[in-house]
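Chain by chain, the residues:
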Amino acid sequence: GHLKSLNVTYNYSSGSEHTKTVGGAIELIGVCRNCTNSPEIGLRNKQTEGILQLEKPLENDILDLKYVAALSSFAPGVFFESLDNVPYNFEPLKFSFNYWSPVNEILESPEQTYFGDGGSIENINLISFIQRRVEKVILFYIGTTPLQPSNKWNVSETLCQDKDYVSDFLSAFFGVINENRDENQKTYYSYDRDQIFDTSDYTEVINGLQQAQSDGNGIIYTTNLTTIENDWWGIPSGITTQITFVYLGRVLNWENSLSDEMKSLLIPSENSDDLSVDVSSGPFSKFPHYDTVGGAMNYERANILSDLTGWTILKNEELFRSVLS
């Protein structure tokens, strides 16, 4: 129920600046859309569970699933929180809710809080699972950055030479941040506090993913990782978790099983031996690393991506049964 926040100052090329309190909600519980009152009494000191008495909210005040789902991927929130004053005609686009923390015994009145996509500080939701001491985690990396194969990138020699070698969603957990990323990445995303594993473990994970990429049945690697201390996220050292990394990319044996017609559409016409090269043109341009904004998806593009990922899961059935057992 805590809000984790800090003050951020935005500086503009015009010379103006403003400061806002930004952050995120940990163990989000006390939220409603328009409620004006919180419970009179919250959880007692060191109490981790209990029943709080709430007034019955009005129908239009309930934070139902449709709002939660929309809120979880509300990317414009990154933009709105950087503005000093949001234009009036943009107000209906913001997700504003009244929030209160149940961990305080004497609860204050709800505070109006703007929420948005949490990907600005962690795009793959691993840290909250580590906080909960989940023993086995499967991570699906479905971003737009292809994994560079081992013949192009020797991670033992260079941890992170270029932004396109691997997704920073993954590397940040090992403290590997590419300082040469473009200015938009630096402005909108901050993964600098996300390291929860020792950097020395990074090489093993990348090598494992690259080997799976070469084998051609899906870019998947399972290993046990032990945390290092991270005060920002409240994670102590010594937590060991089995993590299965599933990284979106081209899958050779799936491509070999396609008909000639589909091969002409889904396998790059140039440099197809380089597994980091995507389709460059046609109805499946950028496959399998489509952009997910701007209406880039349609039924056909979604269905073929579903077929690729579904084939990969079934091809690795024994692994997933073992992980989930």
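Look up: the structure comes first, before these words.
These numbers come from a predicted model, not from an experiment. (Residues numbered from 1 in each chain as written. Predicted model: local features only at pLDDT ≥ 70, side-chain atom pairs only at ≥ 80, totals over all residues. Heavy atoms only, no water.)

Some points on the environment of P268
Here's step 1: Mapped onto the elements, P268 comes out in the loop between α8 (260–266) and α9 (299–315).
Here's step 2: Judged by relative accessible area, P268 falls into the buried class, the value being 7%.
Here's step 3: Dropping the residues within four chain positions of it, P268 is found in contact with R250, V277, D278 and V279. (Helix = DSSP H or I, 4+ residues; strand = E, 2+ residues; numbered from the N terminus. Buried < 20%, exposed > 50% of the residue type's maximum accessible area, 1.4 Å probe, protein only. Contact = heavy atoms within 4.5 Å.)

Considerations on unusual backbone geometry
Here's step 1: Looking along the chain, the bond that leaves F287 and enters P288 is cis, with omega of 0 degrees.
Here's step 2: Tracing the backbone through its elements, the reader meets P288 in the loop between α8 and α9.
Here's step 3: Here K286, not a glycine, exhibits a phi torsion of approximately 75 degrees, which is positive.
Here's step 4: Mapped onto the secondary structure, K286 falls in the loop between α8 and α9.
Here's step 5: Looking at K286, the relative accessible area reads 41%, which means it is partly exposed.

Brief notes about α9
Here's step 1: Here α9 is 17 residues long and its end C-alpha atoms lie 24 Å apart, about the 24 Å a rise of 1.5 Å per residue gives.
Here's step 2: Turning to α9, its buried residues are R301, I304, L305, L308 and T312. Within α9, the buried residues cover an arc of 100 degrees as seen down the axis, which keeps them to one side. Exposed residues pointing more than 90 degrees away from the buried face of α9 are listed as Y299, N303 and L314.
Here's step 3: One side-chain oxygen at the N-terminal end of α9 lies 3.2 Å from the backbone nitrogen of E300; it belongs to N298. (Expected span 1.5 Å × (residues − 1). Arc of directions from axis to C-beta. Polar contact = N/O pair within 3.5 Å; in protein donor to acceptor, adjacent residues only side chain to side chain.)

Focus: the pattern of salt bridges
Here's step 1: A complete count under the given rule lists three salt bridges for this structure.
Here's step 2: Between D274 and K152 there is a salt bridge, with its nearest N and O atoms 2.9 Å apart. On the criterion of sequence distance, the pair formed by D274 in the loop between α8 and α9 and K152 in the loop between β6 (136–141) and α4 (168–171) is long-range, its members being 122 residues apart.
Here's step 3: By relative accessible area, K152 is classed as partly exposed at 41%. (Salt bridge = Lys/Arg side-chain N within 4 Å of Asp/Glu carboxyl O.)

Regarding the packing of aromatic side chains
Here's step 1: Under the definition given, this model contains eight aromatic pairs.
Here's step 2: For the pair Y141 and Y247, a centre-to-centre distance of 5.9 Å together with 20 degrees between the ring planes defines the contact as stacked. Taken together, the residues span a long stretch of sequence, with Y141 in strand β6 and Y247 in strand β8 (residues 240–247) at a distance of 106 residues.
Here's step 3: A relative accessible area of 4% places Y247 in the buried class.
Here's step 4: On the basis of an interplanar angle of 35 degrees and a centroid distance of 5.9 Å, the ring pair of W254 and F287 is categorised as tilted. Linking W254 in helix α7 (residues 252–256) with F287 in the loop between α8 and α9, this pair joins segments that are 33 residues apart in sequence. Neither W254 nor F287 differs from the other in exposure class; each is buried.
Here's step 5: Ring pairing ties together the aromatic residues Y141, F245 and Y247, which thus form one cluster. (Phe/Tyr/Trp six-rings, centres within 6.5 Å; stacked < 30°, edge-to-face > 60°.)

Describing the pairing of β8
Here's step 1: Burial of β8 is extensive: six of the eight residues sit out of reach of the surface.
Here's step 2: In this structure, β6 lies alongside β8, joined through six bridges in parallel fashion. Bridge assignment links F140 to a residue of β8, and that residue is V246.
Here's step 3: Inspection of the sheet shows strand β7 (residues 219–226) paired to β8 by eight bridges, in the antiparallel sense. Bridge pairing links N224 to Q242 in β8. (Pairing = 2+ DSSP bridges.)

Some thoughts on the nonpolar core
Here's step 1: Grouped together as the largest cluster of nonpolar side chains are 30 residues, with contacts concentrated most on L126, L170, F173, F174, F197, Y202 and F245.
Here's step 2: In terms of residue count, helix α6 (residues 202–215) provides more of this core than any other element does, four residues in total.
Here's step 3: Ignoring any residue separated from it by four or fewer positions in sequence, one finds F245 in contact with L139, Y141, L170, F174, V205, L209, I219, I220, Y221, T223 and L225.
Here's step 4: If you look at the next biggest cluster of nonpolar residues, it comprises 12 residues, including L248, V251, Y290 and L305. (Core = buried A, V, L, I, M, F, W, Y, C linked by side-chain atoms within 4.5 Å.)

Things to note about the sheet that holds β7
Here's step 1: Ordered in space as β6-β8-β7, the three strands form an open sheet in which the pairing is mixed. Whereas interior strands pair on both sides, the edge strands pair on one side only; in this sheet they are β6 and β7. For this sheet, the mean inter-axis angle between neighbouring strands, taken without regard to orientation, is 20 degrees.
Here's step 2: The strands touched by helix α10 (residues 317–324) within the sheet are β6, β7 and β8, with β6 carrying the most contacts at an inclination of about 135 degrees. (Axes fitted to C-alpha atoms, helices over the stretch in contact; angles between N-to-C directions.)

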